[in-house]
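Overview (structure and organization)
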Amino acid sequence: MENHSAKDAWEQAVATSLGKQPERKESFVNASYMGINRLYTPHDSISLQDYDEQIGYPGEYPFTRGIQPTMYRGRFWTMRQYAGFGTAQATNERFRYLLEQGQTGLSVAFDLPTQIGYDADHLFAQGEVGKVGVSISSLEDMRTLFNDIRLDQVSTSMTINAPASVLLAMYLVVAEEQGVAWDRVRGTIQNDILKEYVARGTYIYPPRASMRIITDIFAFCKAEVPKWNTISISGYHIREAGSTAVQEIAFTLANAIAYVDAAVQKGLNVDDFAPRLSFFFNAHNNFFEEVAKFRAARRMWARIMKDRFGAKNPKSQQLRFHTQTGGSTLTAQQPDNNIVRVTMQALAAVLGGTQSLHTNSRDEALALPTEESARIALRTQQIIAHESGVADTIDPLGGSYYVESLTDEIERRAWQYIDKVDELGGAVDAIEQGYMQREIHQAAYQTQQAIERGDEIVVGVNRYRSEEEEEPELLRVDPSIAKDQAERLAAWRASRSQADCDAALAELRQAATGDTNLMPLIVKAVRAHATTGEICDAMRAEFGEYRAQVF
């Protein structure tokens, strides 16, 4: 029972204090515009009677406190720095440098032409080759990217969506050339096309054709590449487009429901593919909101899989996620401040129970990271892991009156969004009607207005500015690599059997008209030395290209 006399006395003290010194703001809200109470007590939090249902124990349903029984006491999260620029050779050198510095997994950034399925010598690729990631047009590029890196000794995440099937096929062919069996290959393709229509834009085919390719990948990997995570359902880009934390997990889980629905409708057993689904979230600056967001997302996914899809395998109910610190929170002004922002965000991800983490580099608001900046970003993770002590107990903020209350409230609001998406017919229909896009645009507009009014302070931007700043040393991609890449590609095409390549592409195009699983035919085309663009073109010819609606 609440101690009213003590609470009454405290409230009287508050009233006296406010009479002398008002609070800094009339009202306090977090980044999702949720009100923040002055104080949280046991009455705002979970009761002991509801503990097992709402929170439970690590490694146990509903996984609020984490998906493993011992979490980081057994093994730290995978330190997986996102990297890629210029040529496959340049990126391979960065990969090997980061592995030498203690990185424990690879994460590949592809350039824009690769992301939308065009070769480096395509007209649409001009000016973009190697700019925001590595250029991969051929199997030869993929071989170079992983030169001297054994694919049975490292897990690789590839941030690729529309042409994910092609890049996965190239990766598998490189693995077999190294003598690595496919059942020993570990990693993830992002392969989350729905968020591309919502937030990012690197789509190729219309949504329903994309969903067909994705479910083909689920079925293929179940049989052939059992340790591969077939999709990383991404809230990261939804957040980067301006969503709130609540929208980030709500729309991500709504998209995840659509993928599971599509696979089940195709005849797959949910427990056969769901354990290889993974997620990708953002970590922004509002520390407690971010921790609570991760805990709420885990609990919601467990309930979705158990109650909605009838998944029986506990691994199907576990939300495993990679986190990247918030790129949109970094500022070009006073870039060293970004080290502090990234540290806070990384700490929130760890306290939220992430399985894998990328920490952004301080100079990413200005350019691709230099080697020095990338090293500092990796060291940030290593200091949190080895020096802070936060990984020595599980879910250390669990039981905090504030964090538990916030976890409940984020979950409640996220369910409201999912219910709305269901009313509209599911994620694909909601996207086609522009619902998610409008909600995100509105949230982004609100945030920008708050910054411009000064209600939301960004240090170094709208407060505490410096008059004179020195521009740090930046990494510049040599524009001549586009010409070199085109010449290598021409030599690659000249060296292959054109008849074999044409036959493989024709077979793939024919299969796209039916319901044959496309993955084995994409692998066949890669072995026939077809390029990224050629394979995507074969499917473009049958599926067409998506044109965004204007909302």
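Shown above is the structure to which this text applies.
Residues numbered from 1 in each chain as written. Predicted model: local features only at pLDDT ≥ 70, side-chain atom pairs only at ≥ 80, totals over all residues. Heavy atoms only, no water.

1. Let's talk about unusual backbone geometry
- Following Tyr 61, the chain continues to Pro 62 via a peptide bond in cis, the omega torsion being 5 degrees.
- Within the secondary structure, Pro 62 sits in the loop between helix H2 (51-54) and strand E1 (78-83).
- In the Ramachandran plot, Phe 63 falls in the positive-phi region, its phi being about 65 degrees despite a non-glycine side chain.
- Mapped onto the elements of the fold, Phe 63 is located in the loop between H2 and E1.
- Judged by relative accessible area, which is 2%, Phe 63 ranks as buried.
- Residues other than glycine seldom take positive phi values, yet Asn 191 does so here, at roughly 55 degrees.
- Relative to the helices and strands, Asn 191 resides in the loop between strand E4 (187-189) and helix H7 (194-200). (Helix = DSSP H or I, 4+ residues; strand = E, 2+ residues; numbered from the N terminus. Buried < 20%, exposed > 50% of the residue type's maximum accessible area, 1.4 Å probe, protein only.)

2. Remarks on the packing of helix H6 (residues 164-177) against helix H21 (residues 519-527)
- Direction vectors running N to C along H6 and H21 enclose 60 degrees, while the axes themselves pass 9 Å from each other. In this view, H6 runs oblique relative to H21, as classed from their interaxial angle. At the point where H6 passes H21, the crossing takes the right-handed sense. Residues Ser 165, Val 166, Leu 168, Ala 169, Met 170, Val 173 and Glu 176 of H6 form the contact with H21, whose own contacting residues are Met 519, Ile 522, Val 523, Val 526 and Arg 527. (Axes fitted to C-alpha atoms, helices over the stretch in contact; angles between N-to-C directions. Parallel < 35°, antiparallel > 145°, perpendicular 65-115°, else oblique. Left-handed = near helix turned anticlockwise from the far one by under 90°. Contact = heavy atoms within 4.5 Å.)

3. Points about empty space enclosed by the protein
- Under the counting rule described, the total for this entry stands at 3 cavities of 30 Å³ or more.
- Roughly 90 Å³ of volume is contained in the largest cavity.
- Residues of the lining of the largest cavity, tallied by class, amount to 8 nonpolar, 3 polar and 3 charged.
- Size it by volume and the second largest cavity reaches roughly 60 Å³.
- Contributing to the lining of the second largest cavity are Asn 161, Ala 162, Ala 164, Ser 165, Asn 191, Ile 193, Tyr 205, Ser 210, Ile 213 and Ile 214.
- Where the lining of the second largest cavity is concerned, the elements lending two or more residues are H6 and helix H8 (207-224).
- Of all the elements, H8 adds the most residues to the lining of the second largest cavity, at 3 residues. (1 Å grid on protein atoms, 1.4 Å probe; cavity = no way out; pocket = protein on both sides within 12 Å on 5 of 7 lines; lining within 4 Å. Points joined across faces, edges and corners; volume = space filled by probe spheres on them. Nonpolar A, V, L, I, M, F, W, Y, C, P; charged D, E, K, R; others polar.)

4. Focus on the nonpolar core
- Counting 139 residues, the largest nonpolar core has Met 142, Leu 194, Trp 301, Met 436, Ile 535 and Met 539 as the members making the most contacts within it.
- If one sorts the elements of this core by residue count, helix H10 (residues 245-265) sits on top with 13 residues.
- Those residues within four positions of Met 142 in sequence are excluded, and the remaining contacts are Ile 136, Met 158, Leu 167, Met 170, Tyr 171 and Val 174.
- Grouped together as the second largest cluster of nonpolar side chains are 8 residues, Phe 85, Ala 120, Val 129 and Val 477 included. (Core = buried A, V, L, I, M, F, W, Y, C linked by side-chain atoms within 4.5 Å.)

5. A few points about the packing of aromatic side chains
- Following the criterion strictly, the structure yields 25 aromatic pairs and no others.
- Aromatic pair Phe 76 and Trp 77: ring centres 5.5 Å apart, planes at 65 degrees, arrangement edge-to-face.
- Given a relative accessible area of 25%, Phe 76 falls into the partly exposed group.
- Owing to a relative accessible area of 3%, Trp 77 belongs among the buried residues under this scheme.
- Pairing Phe 279 with Phe 281 gives two aromatic rings, centres 6.2 Å apart and planes at 15 degrees, and the pair type is stacked. You'll find Phe 279 and Phe 281 in the same group, each marked buried.
- Through pairs of rings, three or more aromatic residues link up here, namely Phe 279, Phe 281, Phe 294, Trp 301 and Phe 321.
- Between the NZ or CZ atom of Lys 306 and the centre of the ring of Tyr 61, over which it lies, the distance is 4.3 Å.
- Just above the ring of Tyr 118 sits the side chain of Arg 540; from NZ or CZ to the centre is 4.2 Å. (Phe/Tyr/Trp six-rings, centres within 6.5 Å; stacked < 30°, edge-to-face > 60°. Lys NZ or Arg CZ within 6 Å of the ring centre and 35° of its normal.)

6. As for the pairing of strand E8 (residues 321-325)
- Across the 5 residues of E8, 5 count as buried, placing the element largely inside the fold.
- Alternating positions in E8 separate into two faces, Phe 321, Thr 323 and Thr 325 on one and His 322 and Gln 324 on the other, with burial throughout.
- Two elements, E8 and strand E9 (residues 356-358), share 3 bridges in a ladder whose sense is parallel. Looking across to E9, one finds that Thr 323 is bridged to Leu 357.
- Tracing the backbone out of E8, into helix H14 (residues 337-351) and back to the parallel element E9 gives a crossover that is right-handed. (Pairing = 2+ DSSP bridges. Right-handed = clockwise from strand over helix to strand, strands pointing away.)

7. Topic: a nonpolar patch on the surface
- On the surface, Ile 457, Val 459 and Tyr 464 cluster together to form a nonpolar patch covering roughly 290 Å² of accessible area.
- By secondary structure assignment, the location of Val 459 is in the loop between helix H18 (435-453) and helix H19 (481-495).
- Here Val 459 falls in the partly exposed class, since its relative accessible area comes to 36%. (Patch = residues over 30% accessible without salt bridge, like charges linked within 9 Å, V, L, I, M, F, W, Y side chains within 5 Å. Areas by Shrake-Rupley, 256 points an atom, 1.4 Å probe, with all protein chains shown as cover. Salt bridge = Lys/Arg side-chain N within 4 Å of Asp/Glu carboxyl O.)

8. Section: the side chain of Asn 229
- Here Asn 229 lies in strand E5 (residues 228-229).
- Setting aside chain neighbours within four positions, we find Asn 229 in contact with Gly 187, Thr 188, Ile 189, Arg 276, Ser 278 and Arg 320.

9. Description of the environment of Tyr 33
- Among the structural elements, Tyr 33 can be located in the loop between helix H1 (4-20) and H2.
- Between the C-alpha atom of Tyr 33 and that of Thr 244, which follows or precedes it by 211 residues, the distance is 8.3 Å.
- Those residues in contact with Tyr 33, other than ones at most four positions away along the chain, are Thr 244, Arg 413, Ala 443, Gln 446 and Thr 447.
- At 3.1 Å, the side chain of Tyr 33 forms a polar contact with the side chain of Thr 447. (Polar contact = N/O pair within 3.5 Å; in protein donor to acceptor, adjacent residues only side chain to side chain.)

Note that every value here comes from positions in space, so none of it alone points to a role or purpose.
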